[in-house]
Amino acid sequence: MSVLVVGSIAFDTIETPNGRRDGAIGGSATYFAYAASHFTRVRCVSVVGEDFPVAAMDALRERGVDLEGVEVVRGGKTFRWSGRYLADMNTRETLDTQLNTFGSFKPKVPTGFRSTPFLFLANGGPDTQASVLDQVEKPAFVVADTMNLWIDIQRKELLDLLRRVDGIILNDEEARMLSGDRNLIAAGEKVLRMGPRVVLLKKGEHGCFLFSHFVKFALPAYPTPNVVDPTGAGDSFAGGFMGYLASTGNVTLGNMKRAMAYGTVTASINVEDFSVDALQRCERSEVERRYAEFIQFVTL
Ligand code: AMP
C-alpha cells in the first residue's frame, strides 16, 4: 500500500561541528519521502518556488515518489531554513526561517491521492493538517507531527486534530509542553487520553517510546558513532515507521513495534551525512542489514 505525506520541501543551511552545508535539499516531506521510499510507493503534497531544481524533483521521482501534489509557484521562492547544532549534536538553534511560498501553503490533495490508505501529516499548522483530513477518504492510519510553536499558538486546533488522528509523534520537550507534565511517562499517557490510539515519543540519541492503551514499548537509538547531521532524524524515523506499516498493510501493535525498529534504523542512516545524501544513496539491503543487527542489539 502507498503512503501520502503532506509537508515542507526546503533549502536548508546547516552548521554542525563537522562542517556546513548551504542551501541543501531539505524539508520534512523530503526526508519522510526518501525514508519511506525504501519500503513502499510515496505520494507527496507540498509547495516549492520556481527556484527549486528540476534535478532534485527527478531524484525523488527516481525513488518512486509521486510529486503530482507538489505545486510549483511561478515566480515564487522555496521555503528556506537554517540551523546550527551545538557540540553535543542534540541541541539545535534555528538561525533563520524564510517561509516564502510555504507561508501561504494550502495543501490540495490531488483526486488520485485521496484514497491513499496511509497518511503522514508532517510538521505544520494543525489547521492546515486538518484541512488535509477534510480532503481524504478515511485513510486506514493517520499520523501527525507537530512542534512547540503550534502547541503554543494553536493549542485548541491541535487538541481538535488529536481526536482525528491515529497517532502523534512528539519529542520529549513537545510532550512535556503539550501535557504540562515533566515526567515523560505521565506526559505520554496524558497525550494518549487526548485522543490518538498511539503516541510516539522521540528522545533523540536515547531512542523512542510508544504509548497505547494496551502496550507500552521502548527502543534505544541504533548505536552509530558517526553522527554528521541530525537534521531530519524525526522525519526519517516517521518515514521508516509509516513506510514499513504501509508496505505490510498491518497496523497491529506488534507490527508497530517492528515499524519502530525500521524507523530507528532509517533515522540512523539519515544522520550519517548532510541533507538527504545518505538516505538517497542507501540500498534496501543496508536497511535490512541494520535491522537484523539492531534486533540482536535489543534482544536479551
Ligand atoms: P527535523 O530535524 O526532523 O525536525 O526536520 C528538519 C526539517 O524540517 C528541515 O529540513 C527543515 O527544512 C524543516 N523545517 C524546519 N522548520 C519547519 C517548519 N516550521 N515547518 C515545516 N518544516 C520545517
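What counts as what
Residues numbered from 1 in each chain as written. Predicted model: local features only at pLDDT ≥ 70, side-chain atom pairs only at ≥ 80, totals over all residues. Heavy atoms only, no water. Salt bridge = Lys/Arg side-chain N within 4 Å of Asp/Glu carboxyl O. Helix = DSSP H or I, 4+ residues; strand = E, 2+ residues; numbered from the N terminus. Buried < 20%, exposed > 50% of the residue type's maximum accessible area, 1.4 Å probe, protein only. Core = buried A, V, L, I, M, F, W, Y, C linked by side-chain atoms within 4.5 Å. Contact = heavy atoms within 4.5 Å. Near = heavy atom within 4 Å. Polar contact = N/O pair within 3.5 Å; in protein donor to acceptor, adjacent residues only side chain to side chain. Areas by Shrake-Rupley, 256 points an atom, 1.4 Å probe, with all protein chains shown as cover. Nonpolar A, V, L, I, M, F, W, Y, C, P; charged D, E, K, R; others polar. Pairing = 2+ DSSP bridges. Axes fitted to C-alpha atoms, helices over the stretch in contact; angles between N-to-C directions. Expected span 1.5 Å × (residues − 1). Arc of directions from axis to C-beta. Parallel < 35°, antiparallel > 145°, perpendicular 65-115°, else oblique. Left-handed = near helix turned anticlockwise from the far one by under 90°.

Student: Can you help me understand the pattern of salt bridges in this one?
Tutor: Any two side chains of opposite charge can pair if their charged atoms end up close together. For the coordinates displayed, the defined rule picks out 19 salt bridges. Measuring nitrogen to oxygen at the nearest pair gives 3.4 Å for the salt bridge that ties K108 to E71. Taken as a pair, K108 in the loop between β7 (92–98) and β8 (118–121) and E71 in strand β5 (residues 65–73) lie far apart in primary sequence, 37 residues in all. On the accessibility criterion, E71 (35% relative accessible area) is partly exposed. Between R290 and E286 there is a salt bridge, with its nearest N and O atoms 2.8 Å apart. With R290 and E286 both in helix α11 (residues 284–298), this residue pair falls 4 residues apart, about one helical turn.

Student: I keep staring at the nonpolar core and nothing clicks. Help me out?
Tutor: One recurring pattern in soluble globular proteins is that nonpolar side chains are buried together. Formed by 59 residues in total, the largest nonpolar core has its most connected members in F120, F141, F241, M242 and M260. Counting residues per element, this core draws most heavily on helix α9 (residues 253–270), at 9 residues. Setting aside anything within four residues of it in sequence, one finds F241 in contact with F141, L200, M256, A259, M260 and G263.

Student: I tried to follow the site of the ligand on my own but got confused; where do I start?
Tutor: Lining the immediate environment of the ligand, one finds 18 residues, of which S8, D12, G27, R92 and G232 sit closest. In the model, an oxygen atom of the ligand is placed 2.8 Å from a nitrogen or oxygen of the R92 side chain. The separation between an oxygen atom of the ligand and a polar main-chain atom of G232 is 2.7 Å. The fraction of the free accessible surface of the ligand (510 Å²) that becomes covered by protein chains is 85%. Within the residue set of the shell around the ligand, elements represented by two or more residues are β2 (10–16), α1 (28–36), β6 (79–85) and α8 (233–248). Counting residues per element, the shell around the ligand draws most heavily on α8, which supplies 3 residues. Looking at the shell around the ligand residue by residue, the class counts come to 7 nonpolar, 8 polar and 3 charged.

Student: Before we go on, may I ask you to explain the sheet that holds strand β11 (residues 198–202) in this structure?
Tutor: By way of backbone hydrogen bonds, the strands of a sheet pair with one another, either parallel or antiparallel. Strand order in this open sheet of 9 strands is β5-β4-β1-β8-β9-β10-β11-β12-β13, and the pairing throughout is mixed. In the strand order of this sheet, the two ends are held by β5 and β13 (216–219), each with one partner. Neighbouring strand axes in the sheet, compared pairwise and without regard to direction, differ in orientation by 15° on average. Against the sheet, helix α7 (residues 184–192) touches β10 (167–171), β11, β12 (208–212) and β13, its axis set at about 45° to β12. Those strands touched by α8 are β1 (3–6), β8, β9 (141–145), β10, β11 and β12, and its axis lies near 170° from that of β8.

Student: What am I meant to see in α11 here?
Tutor: Because each turn of an α-helix spans 3.6 residues, side chains separated by three or four positions in sequence point in the same direction. With 15 residues, α11 should cover 21 Å at 1.5 Å per step; its first-to-last C-alpha distance of 21 Å lies within 8% of that length. Burial in α11 covers these residues: V287, R290, Y291 and F294. One side of α11 carries all its buried residues, which in axial view fall inside an arc of 110°. Summarising the geometry of α11, the exposed residues directed more than 90 degrees from the buried face are S285 and Q296. Lining the buried residues of α11 we find β13 and α9.

Student: I tried to follow unusual backbone geometry on my own but got confused; where do I start?
Tutor: A negative phi angle characterises most non-glycine residues, just as the trans form characterises most peptide bonds. Its identity as a non-glycine residue notwithstanding, M89 has a phi of 65°, on the positive side. Checked against the element boundaries, M89 lands in the loop between β6 and β7. The class for M89 is buried, based on a relative accessible area of 12%. Phi at K138 takes a positive value of approximately 35°, unusual for a residue other than glycine. Following the sequence through the fold, K138 ends up in the loop between α3 (126–133) and β9.

Student: Sorry if this is basic, but what is going on with the packing of α1 against α8 here?
Tutor: Between two packed helices, what matters for the description is the angle formed by their axes and the separation of those axes. With their axes 7 Å apart at the nearest point, α1 and α8 run at an angle of 40° to one another. The pairing of α1 with α8 is recorded here as oblique in orientation. Here α1 runs over α8; the crossing is right-handed. Between α1, through S28, Y31, F32, A35 and A36, and α8, the contact on the second element is made entirely by D235, S236, A238, G239, G240, M242 and G243. Of the residues belonging to the contact of α1 with α8, the class tally is 6 nonpolar, 5 polar and 1 charged.

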